[in-house]
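Read off the chains here:
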Amino acid sequence: MEKKIYLDNAATTKTRPEVVEAMLPYFTEKFGNPSSVYEFATQNKKAVDEARGTIAKAIGADISEIYFTTGGTESDNWALIATAEAYIGKGNHIITSKIEHHAILHTCEYLQKRGFEVTYVDVDESGMIKLDQLEKAIRPTTILISVMFANNEIGTIQPVKEIGAIAKKHNVLFHTDAVQAFAQVTIDVNEMDIDMLSASAHKCNGPKGIGFLYIRKGIKIKSFIHGGAQERQRRAGTENVPGIVGFGKAVEIAMANLKERADKEIALRDLLIKRIFEEIPYVRLNGHRTKRLPNNANFSFQFIEGESLLIMLDMNNICGSSGSACTSGSLDPSHVLLAIGLPHEIAHGSLRLTLSEDNTEEEMLYTVEKVKGIVEKLRKMSPLYEDFIKKRN
């Protein structure tokens, strides 16, 4: 197949043409700074507020609770560091999980160096957080629980509503990194008792460089970026008007066909999973079988190296990944796969395929065919596989 098959939508998505079209005027004829007082600029302020309203509606929030950032990483850093600083009078203990994105894990490490204590809760073999362990970890000094909505590598969707209820019961703030889940699954911050939520536009067919942090009214956290009075004096810096407008348009499109898109992606995902298991032996599906993102399929193939598989897939015009794009240069196996109990040698043979509604059944079947051939070829070169077959026979 000469056409490029893109199956790495967890890393980033293409910006929709309608989104680009909505953004373009704000680079040229509508270039005013929304903080200025003249009408030319206040029109841009209105556009920013309209996008803010669209995004707020998507998660059941009030428009005043949405603060624009540069993306998920900034939002995660803001939620953790600002909460730690604001609530130090109450305590210095934070709870998170072992499978968080590094935007959370590395921020927790930073806070630990500053004297804060962090508990990393275990997950089961499907990547689901252990709720009993989470609740037992709460102390009188606990100020924040931060657990991702859905995992970026294995796709497992966490019991967010239950986590929110536990946090509320113990009067602890609850933040969720929803970068992978936002505009993919239904989210209601009030029903789920979410106090803070991070999201990023480029994961839902919006532009790169723009995201938001939802902060529930009454949460007393301060600015993370200091300077001017933008974002109601909580996030300094001239607003990225084209990015914000594009984000709003992407969310509008995504929410208009959320169920239809999810149903199509689930059908394609399940076809991919079914055929992989029919065609290739010694393979494992990572993550929860049903409680997973609609577009996520993560496999571990025994007796091969995932990096070689990716390179050979690329030679066949298929784009996939072995895990988070933020750690693609690392030689270490995924911390997520290790946390769900995979040994190093199997974790190294992982493949994450994350599709979109633009993919087709034909592309899924072509991908299975190519993965099967590559896995067979790599196993023939593996002394471990040769020894395994000899022992089995």
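Just above, that's the structure.
Predicted model, so just to flag it, every value in this text is computed and none were measured.

Draft legend 1. Structural view of the overall build of the chain. Tallying secondary structure elements over the chain gives 14 helices and twelve strands in all. For the chain, the C-alpha radius of gyration of 22 Å lies close to 21 Å, the compact-globule estimate for 393 residues. With respect to the principal axes defined by its C-alpha atoms, the chain has extents near 75 × 55 × 35 Å. If you take every contact in the chain between residues at least 6 apart in sequence, the share linking residues at least 24 apart comes to 74%.

Draft legend 2. Spatial organisation of helix α13 (residues 361-380). A rise of 1.5 Å per residue sets the reference length of α13, with its 20 residues, at 28 Å; its end C-alpha atoms lie 29 Å apart and thus fit the reference within 8%. All buried positions along α13 are accounted for by E363, M364, Y366, T367, V368, V371, I374, V375, L378 and R379.

Draft legend 3. Quick peek at empty space enclosed by the protein. Evaluation of the coordinates by the stated rule reveals two cavities of 30 Å³ or more. If you add up the space inside the largest cavity, you get close to 50 Å³. Lining the largest cavity we find N9, T13, V179, Q180, Q184, K203 and N295. In terms of lining, the second largest cavity is formed by A58, I59, F182, A183, V185, T186, I187 and M255. Grouping the constituent residues of the lining of the second largest cavity by class yields seven nonpolar, one polar and no charged.

Rules used throughout
For every chain, the first residue of the written sequence is number 1, and numbering continues from 1 onward in sequence order. Given that this is a predicted model, residues contribute local features only at a pLDDT of at least 70 and side-chain atom pairs are listed and counted only at 80 or more, while totals for whole chains, interfaces and linings are drawn from all residues. Only hydrogens and water are set aside; all other atoms, that is, all heavy atoms of the structure, feed into the side-chain values. Think of it this way: any DSSP run of H or I at least four residues long counts as a helix, any run of E at least two long counts as a strand, and we number them from the N terminus. Within these notes, the globule rule equals 2.2 Å times the number of residues to the 0.38 power, and the radius of gyration is based on C-alpha atoms. Any two residues having at least one pair of non-hydrogen atoms within 4.5 Å are treated as being in contact. Each helix should span, by expectation, one fewer than its residue count multiplied by 1.5 Å. Exposed residues in this analysis have more than 50% of their type's maximum accessible area, buried residues have under 20%, and partly exposed residues fall in between, with area computed by a 1.4 Å probe over protein chains only. As defined here, a cavity is a set of points on a 1 Å grid over the protein atoms alone where a 1.4 Å probe fits but cannot get out. A pocket is an open set with protein on both sides within 12 Å along at least five of seven lines, and residues line them when an atom is within 4 Å of a point. Grid points are joined across faces, edges and corners, and a volume is the space filled by probe spheres set on the points. The residue classification treats Ala, Val, Leu, Ile, Met, Phe, Trp, Tyr, Cys and Pro as nonpolar and Asp, Glu, Lys and Arg as charged. All others, Gly included, are polar.

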